[in-house]
Structure formats: C-alpha cells, structure tokens
Amino acid sequence: MASSEEDGAGGGGSLEEKEKGRKRRLGALATAWLIGYNIAMTAGWLVLAIAMARFYMQKGTYKGLYKTIQKTLKFFQTFAVLEVVHCAVGIVHTSVLVTGVQVSSRIFMVWFITHSIKQIQNEESVILFLVVWTVTEITRYSFYTFNLLNHLPYFIKWARYNFFIILYPAGVAGELLTIYAALPYVKKTGIFSLRLPNKYNVSFDYYYFLIIVMASYIPLFPQLYFHMLWQRRKVLHGEVIVEKDD
Ligand SMILES: CCCCCCCCCCCCC[C@@H](O)CC(=O)SCCNC(=O)CCNC(=O)[C@H](O)C(C)(C)COP(=O)(O)OP(=O)(O)OC[C@H]1O[C@@H](n2cnc3c(N)ncnc32)[C@H](O)[C@@H]1OP(=O)(O)O
C-alpha cells in the first residue's frame, strides 16, 4: 500500500531533499487517491446489495434481478481494472499477476458471458456469483478504506481474511455453472466465433474457447486461493512469508 513516509538515504543535500519531498507528496497523493477509490467502490457494491435486496423483497423472485442491476454491476466491476493499474504503477504493493487474473476473470464473466448471452441471465448460478461478489467486495473495499485511514475495526479485518474461505469456492462454482449454462447457446448461435472461409483465413470457436476458460480455473483458482490463505496467515497471525515477485 502507498505510504506517506518514504525511506531516505539521509544526507540532506538539496537535490536529495527535493527528491524526498517529491516522494512524500506522491505518497500522500496516492494514499488520498486510494481512499477515494476504495470509498467509491464500497459505495458502489453497497448500492448493488441494496438494489438486489429490494428487488427480491418486492418481487419475491430473482428472475429479472440481473436486468435491474446490470448497469451498476458493469460500471463498478469494470472500474476494478484500476486495481491492476495500482499494482503496475506501484501504489499498491501486491502482485500484478494475481490481481490481473482475478480482475480479468470477473470482467470476462460480466461482459463476455452474462451481458452477451441474455438467455442465461436468470440462472440461479448468476445470482450465486452476484451475491458472493457483492459480499466479498463490500468487505474488501471497506477493509482497504479503514486500513488506509488507520482505523480498522477487527471484525472487518476478520471478515476480509475469513469470508473468502467459503465465498471463493462458492463464487467459482457460480461462475463455472454460468459458463456451463451458456455453452448450448454459444454453440447454437455461433456468437463471437469466426468460421472459415473468411478474408482473414482464421477460425475461432468461442464454444471451445469457453471450455478452455473453464479448464483454466483448475490451475489458476488454487493459486488465488493459496495467495489469500498466505495473506490470511500474514495479517491475522502475523506470520512473515517471503513470496516470489512476478
Ligand atoms: C480472458 C479470460 C480470462 C479467464 C481467466 C479464467 C481463470 C479464472 C481463475 C480465477 C477464478 C477467480 C474467480 C473469482 O472471480 C471468484 C470470486 O472472487 S468469489 C469471491 C471471493 N473472492 C475473494 O475473496 C477474493 C477477492 N479478490 C481479492 O481479494 C483480490 O483480487 C486478490 C488479488 C486475490 C487479493 O490479493 P491482494 O494481494 O491484493 O490481497 P490483500 O487484500 O491482502 O492486499 C495486499 C496488500 O495490498 C493492499 N491493497 C490491495 N488493494 C488495495 C486497494 N484497493 N487499496 C489500498 N490498498 C490495497 C492491501 O492493503 C495490502 O497491503 P499491506 O500488505 O501493506 O497491508
């Protein structure tokens, strides 16, 4: 995470002093930006949670829920791309690779599955991953916000590093079942597929691509899960674990 205190080599030469001052300002600016970003994201996912609860209480069914909340979901999930940028520019000290896999798989689910294949929008599996993502993100972004403000309630810290134990597999199940439900429609409509002959002389079958995506959860998901288990040990039990940089 960005810090407003930067290590200096000491010395006090005027160039070094200026450089230290510049770094401190950058640190303060980055922290202010992250606080704003995390507050906006917490608020966005809270709005989504309230909209889902209201819909279910008013209609007594989850059918049509996705259609009602889709704009908010697309906006805030797409906005999460900035998390990869935060790691890449170094204002958040975590792995670009781990964050990139997490964010790209979510964006893929939102835009290339649920948004594009309308027939599956009322599947129970969609509601499953929506509820799981919402609980996760409210906890996660409020954790970052309070942490940056140096006022982190223990129950938020506890929730951040315990909820995922159940929520991660549940979210993955929701995502995989949704992709699986989409397969027949993808095959029937040929959506996003490119058949030969065409002027580029290239063929692409989205149906098989989706099967590869589903298979890629097998090696990738355990890495994310173990990453979170390591973070949990570090944060809740104070264990120092040396992780390889990507
Ligand atoms: C093109 C097609 C692609 C298809 C790919 C298919 C493969 C898919 C396989 C993957 C499956 C994923 C499924 C997933 O979508 C399912 C779910 O999410 S279900 C819900 C449960 N999920 C979770 O609980 C995980 C949620 N995600 C995350 O937590 C993060 O994304 C993750 C990158 C996994 C977390 O890692 P991170 O290292 O960031 O953990 P920490 O929270 O402990 O943070 C470490 C330090 O960084 C600071 N930090 C991070 N972000 C911020 C921020 N926004 N603001 C401020 N600070 C931040 C944090 O405070 C820590 O700092 P420090 O150590 O100094 O305290």
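Residues numbered from 1 in each chain as written. Predicted model: local features only at pLDDT ≥ 70, side-chain atom pairs only at ≥ 80, totals over all residues. Heavy atoms only, no water.

This part is about the site of the ligand. Among the 33 residues in the neighbourhood of the ligand, the closest are listed as Thr-94, Tyr-144, Arg-160, Tyr-161 and Gln-231. Separating an oxygen atom of the ligand from a side-chain N or O atom of Thr-94 is a distance of 2.4 Å. The side chain of Glu-175 places a nitrogen or oxygen atom 2.7 Å from an oxygen atom of the ligand. For the ligand, the protein covers 88% of the area, taking 1,400 Å² as the surface of the free molecule. Secondary structure elements with two or more residues in the shell around the ligand: helix H1 (14–59), helix H4 (96–115), helix H5 (124–148), helix H7 (164–189) and helix H8 (206–237). Looking at the shell around the ligand residue by residue, the class counts come to 17 nonpolar, 11 polar and five charged. (Near = heavy atom within 4 Å. Polar contact = N/O pair within 3.5 Å; in protein donor to acceptor, adjacent residues only side chain to side chain. Areas by Shrake-Rupley, 256 points an atom, 1.4 Å probe, with all protein chains shown as cover. Helix = DSSP H or I, 4+ residues; strand = E, 2+ residues; numbered from the N terminus. Nonpolar A, V, L, I, M, F, W, Y, C, P; charged D, E, K, R; others polar.)

What the rule picks out here adds up to 21 aromatic pairs. Aromatic side chains Phe-75 and Phe-79 sit 5.6 Å apart centroid to centroid with 25° between the ring planes, which places their arrangement in the stacked category. Residue Phe-75 and its partner Phe-79 are located together in helix H2 (residues 65–79), separated by four residues, close to a single helical turn. Between Tyr-141 and Tyr-144, the aromatic rings sit 6.3 Å apart at their centres with planes inclined by 70°, giving edge-to-face as the arrangement. Remark: Tyr-144 and Tyr-141 occur in helix H5; sequence separation between them is three residues, near one turn of the helix. In textbook terms, an aromatic cluster arises when at least three aromatic residues are bridged by ring pairs, as seen for Trp-33, Tyr-37, Phe-75, Phe-76, Phe-79, Tyr-141, Phe-143, Tyr-144 and Tyr-161. If you follow Arg-140 out to its NZ or CZ, it ends over the ring of Tyr-141, 4.6 Å from the centre. We note Lys-187 situated over the ring of Tyr-207; from NZ or CZ to the ring centre the distance is 4.5 Å. (Phe/Tyr/Trp six-rings, centres within 6.5 Å; stacked < 30°, edge-to-face > 60°. Lys NZ or Arg CZ within 6 Å of the ring centre and 35° of its normal.)

Take it as geometry only, folks, not as evidence of what the structure does.
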